[in-house]
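Commentary on secondary and tertiary structure
Each chain, written out:
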Amino acid sequence: MTSTATAVVVGGGLAGTTAALALADAGLRVTLVEGRPRLGGLVFSFRRDSAAGELSVDNGQHVYLRCCTAYGRMLDRLGAARLVPLQDRMDVPVLDADRMRLGRLRRTALPVPLHLAASLARYPHLSPAERAGVVRATLALQGLDPADPVLDGVDFGSWLRRHGQSSRAVEALWDLVGIATLNARAGDVSMGLAAKVFKTGLLSAPGAADIGWSRVPLGDVHDALARTALEKAGVRIALRTRAASVTRTDGRWQVAVESGPHGGERLTADTVVLAVPQRETHGLLPAGALADRDRLLDIGTAPILNLHVVYDRKVLRRPFFAAVGSPVQWVFDRTDASGLTRTPGNERCQYLAVSQSAAQEEIDQPVAKLRARYLPELERLLPAARGARIIDFFVTRERTATFAPAPGVGRLRPAARTQAPGLYLAGAWTATGWPATMESAVRSGTAAAREALNELGFPQGQLPQEAA
Ligand SMILES: Cc1cc2nc3c(=O)[nH]c(=O)nc-3n(C[C@H](O)[C@H](O)[C@H](O)COP(=O)(O)OP(=O)(O)OC[C@H]3O[C@@H](n4cnc5c(N)ncnc54)[C@H](O)[C@@H]3O)c2cc1C
């Protein structure tokens, strides 16, 4: 195959962006088609004209960990590493709402697993017996293989109970981390995915769980900088362009697009990467490309709700905290990233984003109800919020934020390679072994590009080989 080989990547989320960059870097002529008017998929920002002036709002708070090496590499590639920095050392303030006591989950420079020992020994939200129990469960986790199919069928909650974890230990430690990373409570999580998260984040390297988050609107990174990098690599980007069907004629792929500047056209390519969610993939996959295409429809989804509150004063001193004993899960200070204080008169205001994962019960609740529930709760957690004026309150709802990490989901997630030559799948929901994260999306894009280049006989020297 010569360097004139062509590829169409469908879907401009992180998976599609990664695949398109990797294929273009290898010398293919790549077209990236994205139905929306922007890149970034589930990671995006929008402008809001609020009483506080114009805000740049992220659809949902996103964080990543130092162990997310593929995502870190993408940030480097986009020139965004300094915009989305990591903590020097993991440090998570955890506030117990009932006792109004602040604990910290911090690491030291000691080797694994001692790096967390001092913090756990002092963690005030668990009794000494519960802390000892956590150590025993952690050692048991260390011996598990997250890829073991038996674990995929077991739920994490039952495993924790069998390993002596009290409901308090589940709430104040396992779910505190697990709900945010897996988007489900322990009882609803595949043990394989839980083992992946806790082993990789807590036991793979001392710095693995150091937390990073964007200091700029996410759209600046995953739309604007991604576009620049793709264009520089020679990728043709077709926004507002929905793929309607994918068919094979005379040994080549035809992608029919139904809207946008290329509406009505058929794009022809040697390689197609479908980097769209599972339901859309099911609709686009040609017959015979997967042994049991309908299995994709059994991969559920899970919502994330974000509540955005602008106060007329500073009510939180830390960049973020997590809460236990409260409906509030994680709270982030978004003031600087939103550009809020650049509006004259707002210099003293603060904008908090409250990130609520596994939000099935609240995702469709009216704003007024959410406001009535969460504003008093924030006042309970943050004394400085009592008496502060609310300048703006709004919510963002992502009903299909992630795939549901339910027991058994592992056997439903397809690999990058399909049974149709030249047709590949990518997306956080494919078989990366990771939960639905930016890391999983980037890894899936790389995996799809690797398979494609392999089949085309291209060298893959530039493609990173991530550790499992
Ligand atoms: C509120 C929220 C909070 C999150 N928090 C975190 C977090 O803290 N850390 C973390 O790592 N992850 C987090 N995630 C998950 C993470 O955002 C996703 O796992 C990841 O972005 C998925 O990327 P993707 O490329 O696989 O899919 P998507 O982002 O869904 O991209 C698919 C793209 O395909 C396009 N598309 C669909 N159909 C077509 C078609 N027919 N033609 C053309 N284009 C099409 C869509 O418009 C979309 O742009 C969060 C997600 C949400 C929503």
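Residues numbered from 1 in each chain as written. Predicted model: local features only at pLDDT ≥ 70, side-chain atom pairs only at ≥ 80, totals over all residues. Heavy atoms only, no water.

Under the annotation held in an unreviewed UniProt entry, the chain carries the name Hydroxysqualene dehydroxylase HpnE and is attributed to Streptomyces bugieae. Annotation of the chain in UniProt includes, under Cofactor (unreviewed entry), the sentence "FAD". (UniProt positions renumbered as here; feature names shortened; annotations may be inferred.)

A short note on the packing of helix α4 (residues 128-142) against helix α8 (residues 191-203)
In contact at an axis separation of 10 Å, α4 and α8 are set at 105° when each is read in the N-to-C sense. Compared by their axis directions, α4 and α8 come out roughly perpendicular. Listed contacts from α8 to T138, L141 and Q142 of α4 are M191, A195, F198, K199 and L203. (Axes fitted to C-alpha atoms, helices over the stretch in contact; angles between N-to-C directions. Helix = DSSP H or I, 4+ residues; strand = E, 2+ residues; numbered from the N terminus. Parallel < 35°, antiparallel > 145°, perpendicular 65-115°, else oblique. Contact = heavy atoms within 4.5 Å.)

Focus on the layout of surface pockets
Approximately 820 Å³ is the volume attributed to the second largest pocket. As for the second largest pocket, its lining consists of 37 residues, and the residues nearest its centre are A147, A431, T432, G433 and W434. Tallying contributions element by element places helix α13 (residues 438-456) first for the lining of the second largest pocket, with 7 residues. When the residues that make up the lining of the second largest pocket are grouped by side-chain class, the tally is 15 nonpolar, 11 polar and 11 charged. (1 Å grid on protein atoms, 1.4 Å probe; cavity = no way out; pocket = protein on both sides within 12 Å on 5 of 7 lines; lining within 4 Å. Points joined across faces, edges and corners; volume = space filled by probe spheres on them. Nonpolar A, V, L, I, M, F, W, Y, C, P; charged D, E, K, R; others polar.)

Describing empty space enclosed by the protein
If a probe as big as a water molecule is rolled over the atoms, it shows which places are left empty. Evaluated as defined, the whole model comprises 1 cavity of 30 Å³ or more. Considering only enclosed or pocket space, the largest cavity measures out at about 30 Å³ in volume. When residues of the lining of the largest cavity are traced back to their parent elements, those giving at least two are β5 (63-65) and β8 (211-213). Each residue belonging to the lining of the largest cavity can be placed in one class, and the counts come to 7 nonpolar, 3 polar and no charged.

What to know about helix α9 (residues 218-232)
An ideal rise of 1.5 Å per residue puts 21 Å on 15 residues; α9 measures up with 20 Å between its terminal C-alpha atoms. Along its length, α9 shows its largest kink, about 30°, at A226. What α9 keeps buried is the set L218, G219, V221, H222, D223, A226, A229 and L230. Turning to α9, the residues buried within the fold contact α1 (14-25), β2 (29-33), β3 (45-50), β4 (53-58), α2 (69-78) and β9 (236-238). Where α9 terminates, the next one or two residues include G234, which has phi positive at roughly 95°. (Expected span 1.5 Å × (residues − 1). Bend = angle between axes of the 7 residues up to and from the residue. Buried < 20%, exposed > 50% of the residue type's maximum accessible area, 1.4 Å probe, protein only.)

A few points about the UniProt feature "domain: Amine oxidase" (unreviewed entry) in the chain
When the UniProt feature table is mapped to this numbering, "domain: Amine oxidase" (unreviewed entry) covers residues 14-452. Note that residues 14-452 is 32% helix and 24% strand, and that its end C-alpha atoms are spaced 18 Å apart.

Comments concerning the environment of R227
With respect to the secondary-structure elements, R227 resides in helix α9. What makes R227 partly exposed here is its relative accessible area of 26%. When the C-alpha positions of R227 and V442 are compared, they lie 16 Å apart, and in sequence the two are 215 residues distant.

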